[in-house]
Amino acid sequence: MATNNGNRLVIGPTLAIGTRVLVRRNAEADVTGEVVEDYAALTEPGGRGHEWAPAHRWAIALDDGRLIFADTTDLTIDPSTDRSAPKPGTAEEGPGRHRGD
């Protein structure tokens, strides 16, 4: 499936809660984790974010136990796993699922 993600075309799986991702930021080492929350409503114009402290769209539970917040441009579907998104109708799909449940 192809979707438009900002200025770039995304082909294949899209980001969603439960998706395994690779987080790449310029000043930090690449890390992997799982999307645990989507704060899209806070990042849209008119959302509840602040200009001086903009909200990042995605909450990511990293494999090392840390929780970070990232923008879509910082994320790539994790290429090292064959499971990039939860299967529909499984227990993995429900809200609030994160490492340690």
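**A look at the pattern of salt bridges**
With the rule as written, the count across this model stands at seven salt bridges. In this structure, the salt-bridge partner of aspartate 63 is arginine 20, at a minimum N-O distance of 2.8 Å. Taken as a pair, aspartate 63 in the loop between β5 (58-62) and β6 (67-70) and arginine 20 in strand β3 (residues 20-23) lie far apart in primary sequence, 43 residues in all. Under the relative-accessibility criterion, aspartate 63 is labelled partly exposed at 32%. Classification of arginine 20 by relative accessible area gives buried; the value is 12%.

**Some details on the pairing of β5**
Most of β5 sits inside the fold, with five of its five residues counted as buried. Residues Trp58, Ile60 and Leu62 of β5 are buried on one face, and the alternating residues Ala59 and Ala61, pointing to the opposite face, are buried as well. Direction of pairing for strand β4 (residues 31-38) relative to β5: antiparallel, over a ladder of five bridges. The residue bridging glycine 33 from the neighbouring strand is leucine 62, located in β5.

**Thoughts on the nonpolar core**
Within the largest apolar cluster, 10 residues are counted, these being Leu15, Val21, Val23, Val35, Trp58, Ile60, Leu62, Ile68, Ala70 and Leu75. Counting only elements with at least two residues in this core, the list comes to β3, β5 and β6. Among the elements that line this core, the one with the most residues is β5, at three residues. Not counting chain neighbours up to four residues away, the residues in contact with alanine 70 comprise Arg25, His56, Arg57, Trp58 and Leu75.

**What to know about the side chain of aspartate 74**
Mapping aspartate 74 onto the fold places it in the loop between β6 and β7 (75-77). For aspartate 74, a relative accessible area of 16% translates into the label buried. Apart from residues no more than four positions distant in its own chain, aspartate 74 is found in contact with Leu22, Val23, Arg24 and Arg25.

Rules and cut-offs
Residues numbered from 1 in each chain as written. Predicted model: local features only at pLDDT ≥ 70, side-chain atom pairs only at ≥ 80, totals over all residues. Heavy atoms only, no water. Salt bridge = Lys/Arg side-chain N within 4 Å of Asp/Glu carboxyl O. Helix = DSSP H or I, 4+ residues; strand = E, 2+ residues; numbered from the N terminus. Buried < 20%, exposed > 50% of the residue type's maximum accessible area, 1.4 Å probe, protein only. Pairing = 2+ DSSP bridges. Core = buried A, V, L, I, M, F, W, Y, C linked by side-chain atoms within 4.5 Å. Contact = heavy atoms within 4.5 Å.

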